[in-house]
Amino acid sequence: MIFNEEFETLPREALEALQSKRLVSLVQRVYDKVPYYREQMDKAGVGPTDIKGIADLHKLPFTTKEDLRLNYPFGLFTVPLDEVVRIHASSGTTGKPTVVGYTQKDIETWAELMARSLACAGAHKGDMVHNAYGYGLFTGGLGAHYGAERLGATVIPVSGGNTKRQIMLMQDFASSVLLCTPSYALNIAEVMGEMGVDPASLKLRVGIFGAEPWSQNMKEEIEKKLKIKALNIYGLSEVIGPGVSCECIEGEKGLHVFEDHFIAEIINPDTGEVLPPGETGELVFTTITKEAFPVVRYRTKDLTRLMPEPCQCGRTFYRMDRIMGRTDDMLIIRGVNVFPSQIEHVLMGVEEVEPHYIIIVDRDGTLDTLEVQVEINENIFSDEIKVLEGLSKRIQGEIKDLLGVSCKVKLVEPKTIQRSEGKAKRVIDNRKL
Ligand code: ADP
Ligand code: ZN
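Residues numbered from 1 in each chain as written. Chains lettered and ligands numbered in written order. Predicted model: local features only at pLDDT ≥ 70, side-chain atom pairs only at ≥ 80, totals over all residues. Heavy atoms only, no water.

## Considering the pattern of salt bridges
Move 1: All chains considered together, the criterion is met by 32 salt bridges.
Move 2: Across the pair Lys-225 and Glu-221 runs a salt bridge, and its minimum N-O distance is 3.0 Å. Taken together, the residues Lys-225 and Glu-221, both in helix 9 (residues 216-226) and 4 residues apart, mark about one turn of the helix.
Move 3: For Glu-221, a relative accessible area of 10% gives the class buried.
Move 4: In this structure, Arg-297 and Glu-265 form a salt bridge, with 2.9 Å as the shortest nitrogen-oxygen distance. Taken as a pair, Arg-297 in the loop between strand 11 (281-287) and strand 12 (298-304) and Glu-265 in strand 10 (residues 262-267) lie far apart in primary sequence, 32 residues in all.
Move 5: In this structure Glu-265 comes out as buried when scored by relative accessible area, which is 8%.
Move 6: Linked by salt bridges that have partners in common, Glu-8, Glu-112, Arg-116, Asp-260 and Arg-315 make up one network. (Salt bridge = Lys/Arg side-chain N within 4 Å of Asp/Glu carboxyl O. Helix = DSSP H or I, 4+ residues; strand = E, 2+ residues; numbered from the N terminus. Buried < 20%, exposed > 50% of the residue type's maximum accessible area, 1.4 Å probe, protein only.)

In structure tokens:
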């Protein structure tokens with residue numbers, strides 16, 4: 001089902017005209033209301049009258065996480081604080097968190113975008129939506145919550161953690177849609193196994209997973225283990241939260257960007273040059289309808305490409321490919337660029353190991369070292385050392401073939417790697433310490 005038929009199927013020409021109109025008014029608004037944006041635009045020698053439509057977007061300066069930090073906490077808001085009805089903040093593991101604000105209208109926009117996303121992934125009124133995204137400052141929980149209500153579904157605001165209880169509730173309430181991070185979905189599947197609950201005995205039909213990178217093979221693994229469809233949803237607090245883009249159940253290939261609210265660009269992360277559709281680079285967003293905290297050309301650091309090909313679902317919005325990594329997640333190992341998602345892709349294709357792993361990077365003298373620890377499954381755990389050695393050599397070979405970098409693969413006992421309840425932490429880079 002298409003939640004907002006009128007906007008989600010706009011012919012491209014009408015869509016671009018709408019984007020242009022909204023962009024022009026956004027630029028004028030941030031120039032008038034936010035001293036920082038005015039300074040940045042003055043410095044770049046561009047004024048509101050230079051922006052006549054989306055063809056002029058490239059003239060505007062980028063906004064980065066650093067700009068948000070410099071204006072901590074509320075410096076980039078375009079409305080007085082008494083019009084802000086909600087604050088969220090990103091996890092902020094390094095230093096101060098990134099703070100974002102919403103007016104009442106922003107909350108309504110966000111709810112609609114999340115309702116569109118859930119509908120895009122095949123959810124509908126009558127569904128029992130088990131929302132295991134974390135509630136709190138993190139945008140995941142409340143974002144999904146308002147969206148499910150807006151859709152008319154029944155939402156179970158369970159948040160993360162206490163997995164056994166979650167499974168009991170899924171059984172008793174007949175949950176049909178699961179919302180959480182992909183790593184937590186795997187954790188749930190594992191605990192079901194321990195409890196002797198057959199996923200096929202549940203009503204679960206679809207999972208809408210996001211907030212962290214996951215590979216195509218991980219998707220297949222989750223689908224197999226939970227016996228559901230696993231679809232991808234994307235978002236970030238700076239832009240609005242979850243609901244910036246979502247995969248459709250009909251196409252199941254790429255995530256439709258809700259382009260009547262967000263203009264997406266792909267740039268070369270080194271030069272800032274805008275790349276044509278189809279090329280991979282850093283994703284940049286301009287929010288054209290947000291009131292309290294709009295962003296102009298915000299650099300997400302997420303790497304993907306735009307796919308302009310029409311989709312069978314009927315939506316005219318371009319799709320973005322699965323995120324392949326973040327510019328700041330990329331590990332440079334002895335000069336070779338390595339994304340954790342590539343290693344994950346290899347591991348998920350190996351039958352004898354479980355989808356639980358960590359990547360440890362270190363430095364031995366001047367040489368970078370890469371170690372991948374992965375759990376083997378119960379069946380082969382008791383096998384001979386020789387068999388295990390053969391297995392780790394095989395995985396090492398596959399990683400070398402794909403990435404061109406040698407690494408050490410250490411097989412560890414089942415259930416020894418810490419399980420995630422939200423965003424998984426899978427890389428330990430000791431070189432930075
Ligand atoms: P933080 O992680 O800093 O607290 P957010 O919760 O807003 O901030 O996280 C946003 C980030 O999460 C995105 O920029 C992206 O890197 C990642 N992310 C969100 N959804 C997905 C997804 N479906 N696939 C890959 N990465 C995602
Ligand atoms: Zn589609």
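## Describing the coordination of the zinc ion (ligand 2)
Move 1: Those protein atoms acting as donors to the zinc ion (ligand 2) are Cys-248 (SG), His-256 (NE2), Cys-311 (SG) and Cys-313 (SG), and they sit at 2.1 to 2.3 Å.
Move 2: Geometry at the zinc ion (ligand 2) is tetrahedral, judged from the 4 donor atoms that bind it and their angles of 98 to 117° at the metal.
Move 3: Counting along the primary sequence, the residues that act as donors to the zinc ion (ligand 2) give the motif C-x7-H-x54-C-x1-C. Accessibility classification places Cys-311 together with Cys-313 in one group, the buried group. (Donors = N, O, S within 2.8 Å, 3.2 Å for Na, K, Ca; no water. Tetrahedral: all angles 85-135°; square planar, octahedral: opposite > 155°, others 65-115°.)

## Things to note about the site of ligand 1
Move 1: Close to ligand 1 lie 18 residues, the nearest being Ser-91, Asn-232, Ile-233, Ser-237 and Asp-302.
Move 2: In this structure, a nitrogen atom belonging to ligand 1 sits 3.3 Å away from a main-chain N or O atom of Glu-212.
Move 3: The separation between a nitrogen atom of ligand 1 and a polar side-chain atom of Asn-232 is 2.8 Å.
Move 4: Here ligand 1 has 570 Å² of accessible area as a free molecule, and 88% of this is covered by the chains.
Move 5: Here the shell around ligand 1 gets 5 residues from one element, more than from any other, and that element is strand 7 (residues 229-236).
Move 6: When its residues are assigned to classes, the shell around ligand 1 shows 7 nonpolar, 6 polar and 5 charged. (Near = heavy atom within 4 Å. Polar contact = N/O pair within 3.5 Å; in protein donor to acceptor, adjacent residues only side chain to side chain. Areas by Shrake-Rupley, 256 points an atom, 1.4 Å probe, with all protein chains shown as cover. Nonpolar A, V, L, I, M, F, W, Y, C, P; charged D, E, K, R; others polar.)

## Concerning the pairing of strand 8 (residues 241-247)
Move 1: Among the 7 residues that make up strand 8, 7 are buried, leaving the element largely enclosed by the rest of the structure.
Move 2: A loop of 4 residues connects strand 7 with strand 8, the two strands running antiparallel in sequence.
Move 3: Bridging between strand 8 and strand 9 (residues 255-257) involves 3 bridges; their strand directions are antiparallel. The partner of Ser-245 across the bridge, within strand 9, is Val-257. (Pairing = 2+ DSSP bridges.)

## Some details on the packing of aromatic side chains
Move 1: Applying the stated criterion across every chain yields a total of 7 aromatic pairs.
Move 2: Aromatic pair Phe-74 and Phe-77: ring centres 5.3 Å apart, planes at 40°, arrangement tilted.
Move 3: Take Phe-77: its relative accessible area is 8%, and that puts it in the buried class.
Move 4: The interplanar angle of 70° and the centroid separation of 5.9 Å between the aromatic rings of Phe-77 and Phe-293 together place this pair among those described as edge-to-face. A residue pair is termed long-range when its members are at least 10 positions apart, and Phe-77 in the loop between helix 4 (65-70) and strand 1 (86-89) and Phe-293 in the loop between strand 11 and strand 12 qualify at 216 residues. (Phe/Tyr/Trp six-rings, centres within 6.5 Å; stacked < 30°, edge-to-face > 60°.)

## So, the nonpolar core
Move 1: By size, the foremost hydrophobic cluster in this structure holds 71 residues, and its most contacted members are Ile-208, Tyr-234 and Phe-285.
Move 2: Judged by nonpolar contacts, the second largest core, of 51 residues, contains Val-158, Leu-186, Val-191 and Val-372. (Core = buried A, V, L, I, M, F, W, Y, C linked by side-chain atoms within 4.5 Å.)

## A look at the packing of helix 8 (residues 182-195) against helix 9
Move 1: Following both chains from N to C, one finds helix 8 and helix 9 inclined at 30°, their axes separated by 10 Å at the closest point. With respect to helix 9, the element helix 8 is oriented roughly parallel. In terms of crossing hand, the pair formed by helix 8 and helix 9 is left-handed. Note on element contacts: helix 9 touches helix 8 through Met-218, Glu-221, Ile-222, Lys-225 and Leu-226, opposite Pro-182, Ala-185, Leu-186, Ala-189 and Met-192. (Axes fitted to C-alpha atoms, helices over the stretch in contact; angles between N-to-C directions. Parallel < 35°, antiparallel > 145°, perpendicular 65-115°, else oblique. Left-handed = near helix turned anticlockwise from the far one by under 90°. Contact = heavy atoms within 4.5 Å.)

## With respect to the environment of Leu-137
Move 1: Checked against the element boundaries, Leu-137 lands in the loop between strand 3 (128-131) and helix 6 (139-151).
Move 2: Residue Leu-137 is classed as exposed on the basis of its relative accessible area, which comes to 53%.
Move 3: With 48 residues separating them in the primary sequence, Leu-137 and Ala-89 have C-alpha atoms 5.3 Å apart.
Move 4: When neighbours within four sequence positions are excluded, Leu-137 is seen to be in contact with Ile-87, His-88 and Ala-89.

## Digging into the environment of Ala-144
Move 1: Tracing the backbone through its elements, the reader meets Ala-144 in helix 6.
Move 2: The exposure class of Ala-144 is buried, given its relative accessible area of 1%.
Move 3: With 36 residues separating them in the primary sequence, Ala-144 and Cys-180 have C-alpha atoms 9.5 Å apart.
Move 4: Contact partners of Ala-144, with chain neighbours within four places excluded, come to Met-114, Leu-118, Asn-131, Tyr-133 and Leu-179.

## Quick notes on the packing of helix 10 (residues 340-348) against helix 12 (residues 385-403)
Move 1: The interhelical angle for the contact between helix 10 and helix 12, taken along N-to-C directions, is 135°, at an axis separation of 10 Å. Here helix 10 lies oblique to helix 12, going by the angle between them. With respect to the hand of their crossing, helix 10 and helix 12 are arranged in right-handed fashion. Here Gln-342, Ile-343, Val-346 and Leu-347 of helix 10 come into contact with helix 12, specifically with Ile-395, Glu-398, Ile-399, Leu-402 and Leu-403.
Move 2: Class assignment of the residues belonging to the contact of helix 10 with helix 12 gives a composition of 7 nonpolar, 1 polar and 1 charged.

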